[in-house]
Amino acid sequence: MSQDWDTGRGSMGEYDRFRVVNRSRRRVDALKLALGKGTYTDDIAHTIDGLLHLKVLWSPHAHARIVSIDTSEAERVPGVVLILHHGNVPRVPYTTAGQGHPEPSPYDAYVFPRKVRYVGDRVACVAAESELAAARAVAKIKVEYEVLEPVFDPRRALEPGAPLVHDEEEATGICGYDKSRNLVCEMKVEHGDVDDAFARADVVLEREYEVPYQAQCPLEPHCALTWFDEDRRLVVRVATQVPFHSRRILARILGLPLHRIRVIKPRIGGGFGSKQEILLEDLPALVTLRTGRPARLFYTRQEELRSARTRHPQLLRWKTGANRDGTLVAQELEVLANTGAYGAHALTVQSCTAGKTLPLYVAEAYRFLMKTVYTNLPIAGAFRGYGGPQGFFAMECHMDEVASLLGMDPAEFRSKNLIGPGSENPLAKALGEGKEGPPQRIRSCEIQQCIARGKEAIGWERRGTFPQRGPLRRGIGMAALMHGSGIPGVDMASASIKLNDDGSFNLLVGATDIGTGSDTILSQIAAEALGVPLEKIVIYSSDTDITPFDKGAYASSTTYISGMSVKKACDKVVEQLKDAAWEMWQHAGDPCERSSLRHEDEHVRRPDGKALSYAEICLSTFYEHDQHQIMDHASHMSFECPPPFAAHFAEVEVDTETGGVKLLKYVAAVDCGVPIHPENCEGQNEGGAMTMMGYALSEDFVFDGGGALLNDTFRHYKQFTSLDMPPFETILCLSYEPSGPFGAKSVSEIPTDGPGPAIANAIADALGIRFRKLPITPEDIRRAWRERTEPAASAS
């Protein structure tokens, strides 16, 4: 069977042509990590002479004006060097969102606000000779507050007379911004005649769903070190996903020319979106500028949970119209999102809630209504999945409910209505990155294969046939998914590569490896394009002085966008190698046709079998003939955003006496195009799903009456761990994406979309009770089971 490269469908044999990609090679950083030699942000702190340590004073109030700050007693603490607060730093509005310029987020943040807006907002910062001295000084700062009425409920935030979270003149917003109503943004998008489609539908179902806060919880908390280099340029070593965005936003905050700032991203211990923020590097940078000394700020775990970023809580209303034969006619989604005290990512996360979900199922008409509001609660922002998990929980629970109403098998109902190869995404233009997006056409899609193979792996035919065993009930649920690969028309990445005289190559990329393995992935792409072993690629990434620009690690874009920039740069170098080899043969009196040359196995070869190694070519261009450096660079931006597709399946056992839910098995079948590194794809799939199993069953923020977070430690914030993981099966359903490097598209975020709805649907199958709010806790289950069974018991 031949491959149809335009639609992305074909035979498995086509993938055998790859030598390095589509192979699980040893990661390029594996040895140093195994030996404990990977250097993370804070690992060099002990080597820096004269380092100042920073501690932050956080607001104890959810909403209050700062009347006065008295630092006199704190300044007398031995070792204190500098205390910063709103009275002695410039007041510059900015956004902490690490997004492309111009950022589609409001400029509503300040280094230190004059009015605190949640418990955990910044008030002051102490720089001292030791952490202990800084902490002692923080405790001695005296602040007089005018406590204001807070607003915690997003519905209340929109009501007339609600307390206003933002009332400064300097704060500026984005489309739909109305701080006089606590409104950060709103959208209304329609495709087709929605009202007419609902009127013609045989059945209409409308339900409401609710999803909670969730913390990213990277093992490495936020950390930044700053110092002056020998040219008195500011060097910022920071745990970030977005070094180039960090440099740009820091230049605005600090009032420095951008060329006076260098941002270095070392090894990162996880980010999951939380490090797509310019969250803390401004404070040590200010201290270094004021004192001339190196400075360090490192969040504690409590600070990470209280004052970093979270997933947006949402209230969702889903309405579906369908015909009795199971054909979808119309879909409507309304979202009310809580962005917390500041509006970073407030528009784009909610746009993705609709943009990743609604187009998955073909209908005549769609409507999306959205409002995002300020409250006096912790700040939401970027989190792996970026709006998708919220939307898929609502939609995929809703699809099960619609299928039940129609008397159809949930898998068959989905398969009947899913998008497929050649389909147009009807909402792509309306739901761009803060502006109109480019149109999208699906060219690679194996969602039907994902469902078929996932059903087989989970044993879908057993659904509804489990015998009752005392209080235990079993059920199986599923979810169909799609996501994206980068932000079309916005994301851009660059790479440069040069040849060394032993035939190896130096690859420079701005792309940010945050533990995802992207350094390995990009090296594999380079090795495949150049025809060399993986070990012949030496990669260096994420230094704004040395590496070319890359937008950073977010939006599932690194393999697809950064990978294509690497491939394009390598393709150019291949042409230079052929040119140089041809000239060498010409010069030696042994001419050949330039067009006949090919490259493989570290050589340029001609049809008669003669070959020149890359090392021989490099030595010639360095020292002998037409002397020059073989090197090139390339950039890549795509107007396409090919979705990966997936189908997730969960089998659960529910104890109706305790409310406990045991995950017995989880299956995730995913179409990510050609997996560059299959084992890495499996790891992404398992890790992303595990994160969201906690979202489904245990994770939420618990506040006291004043808005203070109560479960701010890992002891009390209940994440899933490896001990909670069920037997897990990943199935890679190969397709070929023509617009991606060697057929690849993204895989990193789509696994976060599935566990919420798949587990909720499995619980509903087990109990016959539908839970429309996450997390589904034992208390919720026991309460619902009692309400269902006790009236029946009393009646008998």
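Reading guide: rules and limits
Residue indices begin from 1 for each chain and proceed along its sequence in written order. At least 70 in pLDDT is required for a residue's local features to be given in this predicted model, at least 80 for side-chain atom pairs to be given and counted, and no such filter applies to totals for whole chains, interfaces and linings, which use all residues. Processing note: side-chain calculations cover all non-hydrogen atoms of the structure and skip hydrogens and water entirely. Boundaries between domains were set according to an automatic or database domain assignment. Contact definition: two residues touch when any of their heavy atoms are within 4.5 Å. Summed over both partners, the accessible surface that disappears when two parts come together, traced with a 1.4 Å probe, is what is meant by buried area. What makes a salt bridge here is a side-chain nitrogen of Lys or Arg within 4 Å of a carboxyl oxygen of Asp or Glu, nothing more. For this analysis, a polar contact is any N or O atom pair within 3.5 Å, provided that within protein one partner can donate a hydrogen and the other can accept it, and provided that sequence-adjacent residues contribute only side-chain to side-chain pairs. Ten residue types, Ala, Val, Leu, Ile, Met, Phe, Trp, Tyr, Cys and Pro, are classed as nonpolar, four, Asp, Glu, Lys and Arg, as charged, and the remainder, Gly among them, as polar. The pairing test for Phe, Tyr and Trp rings, Trp by its six-membered ring, is centres within 6.5 Å, and the orientation test on the planes gives stacked under 30 degrees, edge-to-face over 60, and tilted for anything in between. The numbering of helices and of strands both runs from the N terminus, where a helix is a DSSP run of H or I of at least 4 residues and a strand a run of E of at least 2. Relative accessibility thresholds used throughout: buried, under 20% of the residue-type maximum; exposed, over 50%; partly exposed, between the two (1.4 Å probe, protein chains only). In our convention, an over-ring charge means Lys NZ or Arg CZ found within 6 Å of a ring centre and within 35 degrees of that ring's normal. Interaxial angles span 0 to 180 degrees and are taken between N-to-C directions of axes, which are lines fitted to C-alpha atoms, for helices over the stretch in contact. Should an angle fall under 35 degrees it is taken as roughly parallel, and over 145 as roughly antiparallel, whereas 65 to 115 is taken as roughly perpendicular and any remaining angle as oblique. Rotating anticlockwise by less than a right angle from the far helix to the near helix defines a left-handed crossing, while the corresponding clockwise rotation defines a right-handed one.

### Things to note about the domain arrangement of the protein chain
The domain boundaries assigned to the protein chain delineate domain 1 (41-148 + 217-307), domain 2 (310-487 + 640-792) and domain 3 (492-637). One C-alpha centre belongs to domain 1, the other to domain 2, and the line joining them spans 35 Å. Taken together, the contact between domain 1 and domain 2 spans 28 residues of the former and 32 residues of the latter. Surface buried jointly by domain 1 and domain 2 totals about 2,200 Å² across both partners, of which 58% is contributed by carbon and sulfur atoms. The tally of links from domain 1 across to domain 2 stands at one salt bridge. Residue Asp712 is joined to Arg306 by a salt bridge in which the shortest nitrogen-to-oxygen separation is 2.6 Å. If you look at where domain 1 meets domain 2, you find 13 residue pairs in polar contact (both at pLDDT 80 or more). When grouped by side-chain class, the residues that make up the side of domain 1 that touches domain 2 number 11 nonpolar, 10 polar and seven charged.

### A look at the packing of aromatic side chains
Counted under the stated rule, the structure contains 13 aromatic pairs. Between Trp460 and Phe649 the ring centres are 5.8 Å apart and the planes differ by 80 degrees, which places this aromatic pair in the edge-to-face class. Placement of the pair is Trp460 in the loop between helix H12 (447-458) and strand S18 (472-482) and Phe649 in strand S26 (residues 645-655), with a sequence separation of 189 residues. Exposure class is identical for Trp460 and Phe649. Each is buried. Ring geometry for Phe622 against Tyr623: centres 5.9 Å apart, planes inclined by 90 degrees, an arrangement best described as edge-to-face. Under the relative-accessibility criterion, Phe622 is labelled partly exposed at 24%. Linked through ring pairs, Tyr213, Phe701, Phe703 and Tyr717 together constitute an aromatic cluster. The ring of Tyr110 is capped by Arg91, whose NZ or CZ atom sits 3.9 Å from the centre of that ring. The lysine or arginine in question, Lys319, covers the ring of Phe198, its NZ or CZ lying 4.4 Å from the ring centre.

### Things to note about the packing of helix H16 (residues 678-697) against helix H17 (residues 755-767)
Relative orientation of the contacting elements H16 and H17 amounts to 50 degrees, with a least axis distance of 8 Å. Between H16 and H17, the crossing angle belongs to the class labelled oblique. Here H16 and H17 pass one another in a crossing that is right-handed. Residues Ala689, Met692, Met693, Ala696 and Leu697 of H16 pack against Pro755, Gly756, Ile759 and Ile763 of H17. Looking at side-chain class alone, the contact of H16 with H17 contains eight nonpolar, one polar and no charged residues.

### Some remarks on the pattern of salt bridges
Under the counting rule described, the total for this entry stands at 62 salt bridges. Between Arg262 and Asp543 there is a salt bridge; the shortest N-O distance is 2.6 Å. Taken together, the residues span a long stretch of sequence, with Arg262 in strand S11 (residues 261-264) and Asp543 in the loop between strand S21 (537-541) and helix H14 (558-587) at a distance of 281 residues. The partner of Arg594 in a salt bridge is Glu575, and the shortest N-O contact between them spans 2.8 Å. Of this pair, Arg594 sits in the loop between H14 and strand S22 (598-600) while Glu575 sits in helix H14, and the two are 19 residues apart along the sequence. The partly exposed category is assigned to Arg594, whose relative accessible area is 22%. Exposure remark for Glu575: the relative accessible area of 37% places this residue in the partly exposed category. Overlapping salt bridges bring together Lys188, Glu190, Asp195, Glu206, Arg317, Glu332, Glu334 and Arg367 as one network.

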